[in-house]
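Chain by chain, the residues run as shown.
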Amino acid sequence: MPRNKQTYQTRRRFNTGFASALLAAGIAPFNVGRAQGAALKVGVLLPRSGYQAGIGQDCQRGVDIATGVLKDLGLPSLQFINADTESNVDVARSRAEQLIGEGAQLLVGAFDSGQSSAIAQVAEQKGIPFVINIAAAPPITEQGYKFVFRNFPTAPMILRDAFIDQKEIFAAVGAAPKSVVFLAENDTFGVAMQKAIPGILPKFDMPYTILDTISYDPTARDLSVEVSRAKATGAEALLVVSRLNDAILLTRELIKQRWTPVMILSMGPGWYEDQYLKTLGKFSDGPLSFAPWYDPNKKLSKALDAALAKVHPGVNLNTNHVYTFEALLIAADAYKRAGSSNPQALADAIRATNITDNSSIGPGIQFDAKGQNDKILGGGIQNRNGKLITVAPGAASNGKPEWPLMPYNKRA
Amino acid sequence: MAGLVPAIRVLRIEKTRDQAVPADIYLNVAVGGVLTGLVYGLMALGLSVIFGVVRVVNFAHGEMMTLAMYIAITLFTAFHLDPLVMLVPIASVMFVFGYVVQVRLINPFITRPDYMQFLLLVAVGIIIVNGLLIAFGPDVKSVQVSYAFDSFQVGPLIIDATKLYAAIAAIVVSAALFAFFRYTRHGTAIRACADNYTGALVVGLDVKQFYALTFGLGAACVGAAGVMLLLIVDVTPALGPAYTLLAFVIVITGGLGSMPGALLGGVLIGLTEAMAGLLFTPSAKSMFAFAILVLVLLLRPEGIMGKRAA
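**Regarding the overall build of chain A**
Scanning chain A from N- to C-terminus turns up 14 helices and twelve strands. Pairs at least 24 apart in sequence give 70% of the contacts found in chain A among residues at least 6 apart.

Here it is, written out as structure tokens:
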């Protein structure tokens, strides 16, 4: 049997191998440049199951349309690694750690303030940039974090804009409620909003008095008692901070208990969600939501609307899509400018963000020293025939407000 | 702009706990609580029946209810079959499910330590939840029946139509179950198995067969309760564990193994939650339900209608 030459090291083979090693070492410095060609690994944390599943999956639609729109904008591509927070703070924390372990170079999420706070701690500890899509509790950007950025207004900012927009609408329709009852869910966001109200309201000469504040569990499956108690106050209008499921439950109870307030003034999600519109049909018309919103007249908003219509026909563009997309826009823009997926370089690039042709209402996306975009403005939206009309502020509106709420028992 | 807004006042947040709540609101809330409690009672009845006879604590109880809810949703979505019309067929399907689970899974564990039975049923619950997640996804689902938004007005009293229908159905199903155990030969035999396992074997009863029948009846009960609850609440696969816990609270309050106790416990918990929400704060509804449980455990550990241990 002939001897196998392959088993012996020869001078020629040694030299070839050595030259290959030198070549590999030689191009190593260009790895950073090569990374620019590779997609940035973005971990997207959303509540895809649990009581916030509806909204979490709605946020996912913002991810679904991102690839095409970012490409059209000439931005680098992103590779998404999806994770489910299960609407649970502890799960959000562990999923964030898991994503970083799996190679995520930047995190985006997580719709909820409690879950976002937990992820922010992990991101800061691991030194991975975290761009919050939706979360309003002020403390998240008050911790001195260096890797946490929020392109979403804080609860006081939302309230400030909500009251400014409300007054603009009251002026436009020539009417205003004299009393309201405040119904608020008691999770991190709801509690933050409840705490913020006393500090902010005195600054806005609002025409109404809050007769009672009713706090409830956002996972509640029956809100009949809450509505009975609200009705008993004799308030003219409802002021609400809710989520999707409870917004549907509250509306059902209003109809069953035969009470149509003059208006429903929502200062959070739920009432403008697609699932709310589809589940309640004609009964979904009328409520006014005051929330971070998009300017329907901006070029990017129109592009997002078109992309959504293509990917998810029949779904209205809303806050969940726009702010989730904008978080990814920030990531792609920073990646392009940083020229690297190095976490520190990405964080520095995000801090220097200056996107003016964005979609949300306001002058654009810039971050202050705390990592907060403090220039975002809220909008007033009204549900009409299954569509969402922006009615305030005037500069970003595409329709006029209708007042009062049509009685539920007179809807054809 | 300020000049255009009529009657502008500085906004005040008023503490209105001392404001008088109209009497009809108390009545409305109390009636709503009792109606919801009756459906809770039926759900817990299944748990109580199973424990009372088979002596197995069904930790997959809420999950089995969720399974029935999804069957109802599927039938409604595919064929527009009203859940109330489908109550008996779905309860029958759940009976078969329960029967098979008892024969194939639980019977071999009857003589094994309690912790094994406990883990077995926890595992069944987890399998159901994850199976539903795979099949239906995590989205909240509901049925939109024509009477979903109906209510009846009797003077100042406004009664939620769906809750009323569900409560009536709960009473009918409970009455049928009581009658079965009281007046039929099979019911008497099952009670004999529950009272004296060895005695039942000695007189020649096929105890394992009766256990399977009982578990099937418990599953049918919880299936019927699920169909009715679907008219009141929306469903997700993750709903089950919360209702398992609620069923435990109810049967321990009413008396583990006592059928009237389960119904009474359900009404008590439903009423307590409703009135606590009105009189104190809605956020604390569950707290009051658990407070009742703690009180019962302290003062009458066997439950309100439970039998004292000899």
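Once the structure has been displayed, the description carries forward.
**Topic: the overall build of chain B**
A tally of regular secondary structure across chain B gives eleven helices and two strands. Ordering the α and β elements of chain B from the N terminus gives α-α-α-α-β-β-α-α-α-α-α-α-α. The C-alpha extent of chain B, read off along each of the three principal axes, is 90 × 50 × 35 Å. Looking at chain B as a whole, 49% of its 310 residues qualify as buried. Pairs at least 24 apart in sequence give 78% of the contacts found in chain B among residues at least 6 apart.

**Points about the interface of chain B and chain A**
Each partner contributes residues to the interface: chain B has 41 residues there, and chain A has 46 residues. Elements that contribute at least two residues to the side of chain B that touches chain A include exactly helix H1 (23-54), strand E2 (157-160) and helix H10 (259-279) of chain B. Broken down by element, the residue count for the side of chain B that touches chain A peaks at five residues, all from H1 of chain B. Each residue belonging to the side of chain B that touches chain A can be placed in one class, and the counts come to 25 nonpolar, ten polar and six charged.

**Quick look at the sheet that holds strand E3 (residues 106-109) of chain A**
Residues and elements named next belong to chain A. Taken in spatial order, the five strands of this open sheet run E2-E1-E3-E4-E5, and their pairing is parallel. The sheet terminates laterally at strand E2 (78-84) and strand E5 (148-150), the two strands that pair on one side only. Geometrically, the sheet is characterised by an average inter-axis angle of 25 degrees between neighbouring strands, direction not taken into account. Across four bridges, the pairing between strand E1 (residues 40-46) and E3 is parallel. Counterpart to valine 44 in the pairing with E3 is valine 108. Contacting E1, E2 and E3, helix H5 (residues 89-101) crosses the sheet at an angle of about 145 degrees to E2.

**Some details on the packing of H5 of chain A against helix H6 (residues 113-126) of chain A**
Residue and element names in this part refer to chain A. Viewed as axis vectors pointing N to C, H5 and H6 meet at an angle of 30 degrees, and their least axial separation amounts to 8 Å. In this structure, the crossing between H5 and H6 has a hand that is right-handed. Contact residues: Val89, Ala92, Arg93, Ala96, Glu97 and Ile100 in H5; Gly114, Gln115, Ala118, Ile119, Val122, Ala123 and Lys126 in H6. Tallied by class, the residues present in the contact of H5 with H6 amount to eight nonpolar, two polar and three charged.

**Focus on unusual backbone geometry**
Residue and element names in this part refer to chain A. A cis amide bond links glycine 109 with the next residue in sequence, alanine 110, at an omega value of -5 degrees. Between alanine 392 and proline 393 the backbone carries a cis peptide bond, its omega angle lying at -5 degrees. Looking at the secondary structure, you find proline 393 in the segment after strand E12 (387-392). One non-glycine residue, glutamate 86, lies in positive phi territory at about 55 degrees. As for its placement among the helices and strands, glutamate 86 is situated in the loop between E2 and H5. Residue arginine 258 is not a glycine yet carries a positive backbone phi of 55 degrees. Along the chain, the position of arginine 258 falls in the loop between helix H10 (244-256) and strand E9 (264-266).

**Some points on helix H8 (residues 188-200) of chain A**
With 13 residues, H8 of chain A ought to run about 18 Å at 1.5 Å a step, and its terminal C-alpha atoms sit 18 Å apart, in line with that. Of the surrounding secondary structure, the elements contacted by the buried residues of H8 of chain A are H6, helix H7 (155-173), strand E6 (179-185) and strand E8 (237-241) of chain A.

**Structural notes on the sheet that holds E12 of chain A**
Residue and element names in this part refer to chain A. Spatially, the seven strands line up as an open sheet ordered E7-E6-E8-E9-E10-E11-E12, and their pairing is mixed. Only two strands of the sheet have a single partner each, and these edge strands are strand E7 (209-216) and E12. When strand polarity is set aside, the average angle formed by the axes of neighbouring strands in this sheet is 25 degrees. Bridge analysis of E8 against E9 gives three bridges, and the strand direction is parallel. Residue leucine 238 lies in a different strand from E9, and its bridge partner there is isoleucine 264.

**Looking at the pairing of E12 of chain A**
Residues and elements named next belong to chain A. In this structure, strand E11 (residues 378-384) lies alongside E12, joined through five bridges in antiparallel fashion. Paired with asparagine 383 across the bridge in E12 is leucine 388. The antiparallel hairpin formed by E11 and E12 contains two residues in its connecting segment, where asparagine 385 sits at a positive phi of about 50 degrees.

**What to know about the nonpolar core**
All names here are of chain A. Among the nonpolar cores identified, the biggest contains 131 residues, and Leu107, Ile119, Leu328 and Ala331 are the most heavily contacted of them. No other element matches helix H13 (residues 319-338), which puts twelve residues into this core. Of the residues that make up this core, three or more belong to each of domain 1 (34-153 + 297-376) and domain 2 (156-293 + 379-410).

**Observations regarding the pairing of E7 of chain A**
Across seven bridges, E6 of chain A lies against E7 of chain A in parallel orientation. What sits directly across from glutamate 185 of chain A, in E7 of chain A, is tyrosine 216 of chain A.

**Let's talk about the domain arrangement of chain A**
Residues and elements named next belong to chain A. Partitioning chain A into domains gives domain 1 (34-153 + 297-376) and domain 2 (156-293 + 379-410). The straight-line distance from the C-alpha centre of domain 1 to that of domain 2 is 27 Å. Here the side of domain 1 that touches domain 2 takes three residues from helix H3 (residues 53-64), the largest share from any one element. Of the residues contributing to the side of domain 1 that touches domain 2, the split by class is eleven nonpolar, nine polar and two charged.

**Focus: the environment of leucine 84 of chain B**
Here leucine 84 of chain B is to be found in the loop between helix H2 (61-79) and helix H3 (87-106). Classification of leucine 84 of chain B by C-beta neighbours within 10 Å gives partly exposed; the count is 19.

**Some remarks on the environment of tyrosine 208 of chain A**
Examined against the element boundaries, tyrosine 208 of chain A turns out to sit in the loop between H8 and E7. Take tyrosine 208 of chain A: there are 23 C-beta atoms within 10 Å of it, and that puts it in the buried class.

**Some thoughts on the confidence of the model for chain A**
Do not read the predicted coordinates in detail wherever pLDDT is low. All names here are of chain A. Per-residue confidence for chain A gives a mean pLDDT of 89, with 91% of residues at or over 70. Scored below 50 in pLDDT, residues 1-8 shows zero contacts in the model against residues more than four places distant or in partner chains. Here residues 24-35 is a poorly scored stretch, pLDDT under 50, and it has four contacts once near neighbours within four places are set aside; other chains count.

**Let's talk about the packing of helix H5 (residues 161-183) of chain B against helix H8 (residues 207-229) of chain B**
Packed helix pairs are specified by the crossing angle of their axes together with the interaxial distance, meaning the distance between the axes. Residues and elements named next belong to chain B. Two elements in contact, H5 and H8, have axes whose closest approach is 9 Å; the angle formed by their N-to-C orientations is 170 degrees. One way to sum up the angle between H5 and H8 is to call them roughly antiparallel. Of the residues in H8, those touching H5 at Ala166, Ala169, Ala170, Val173 and Leu177 are Leu217, Cys221, Ala224, Ala225 and Met228. Its residues assigned to classes, the contact of H5 with H8 comprises ten nonpolar, no polar and no charged.

**Things to note about the confidence of the model for chain B**
Residue and element names in this part refer to chain B. Of all residues in chain B, 92% attain a pLDDT of 70 or more, and the chain-wide mean is 86. Here residues 1-18 is modelled with pLDDT under 50, and outside its nearest four sequence neighbours on either side it reaches 37 contacts, counting other chains as well. In the predicted complex, the global pTM is 0.77; the interface-specific ipTM is 0.78.

**Observations concerning the environment of leucine 38 of chain B**
All names here are of chain B. When you line up the elements, leucine 38 lands in helix H1. Judged by the 25 C-beta atoms lying within 10 Å of it, leucine 38 is buried. Through-space distance from the C-alpha of leucine 38 to that of leucine 164 is 9.8 Å; in sequence the pair is 126 residues apart. Other than its neighbours up to four places away in sequence, leucine 38 contacts Ala167, Ala170, Ile171, Gly266 and Val267.

About the cut-offs
Residues numbered from 1 in each chain as written. Chains lettered and ligands numbered in written order. Predicted model: local features only at pLDDT ≥ 70, side-chain atom pairs only at ≥ 80, totals over all residues. Helix = DSSP H or I, 4+ residues; strand = E, 2+ residues; numbered from the N terminus. Contact = placed C-beta atoms within 7 Å. Buried ≥ 20, exposed ≤ 12 C-beta atoms within 10 Å, placed from the backbone. Nonpolar A, V, L, I, M, F, W, Y, C, P; charged D, E, K, R; others polar. Pairing = 2+ DSSP bridges. Axes fitted to C-alpha atoms, helices over the stretch in contact; angles between N-to-C directions. Left-handed = near helix turned anticlockwise from the far one by under 90°. Expected span 1.5 Å × (residues − 1). Core = buried A, V, L, I, M, F, W, Y, C linked by C-beta atoms within 7 Å. Domains from an automatic or database assignment. pLDDT = per-residue confidence, 0-100. Parallel < 35°, antiparallel > 145°, perpendicular 65-115°, else oblique.

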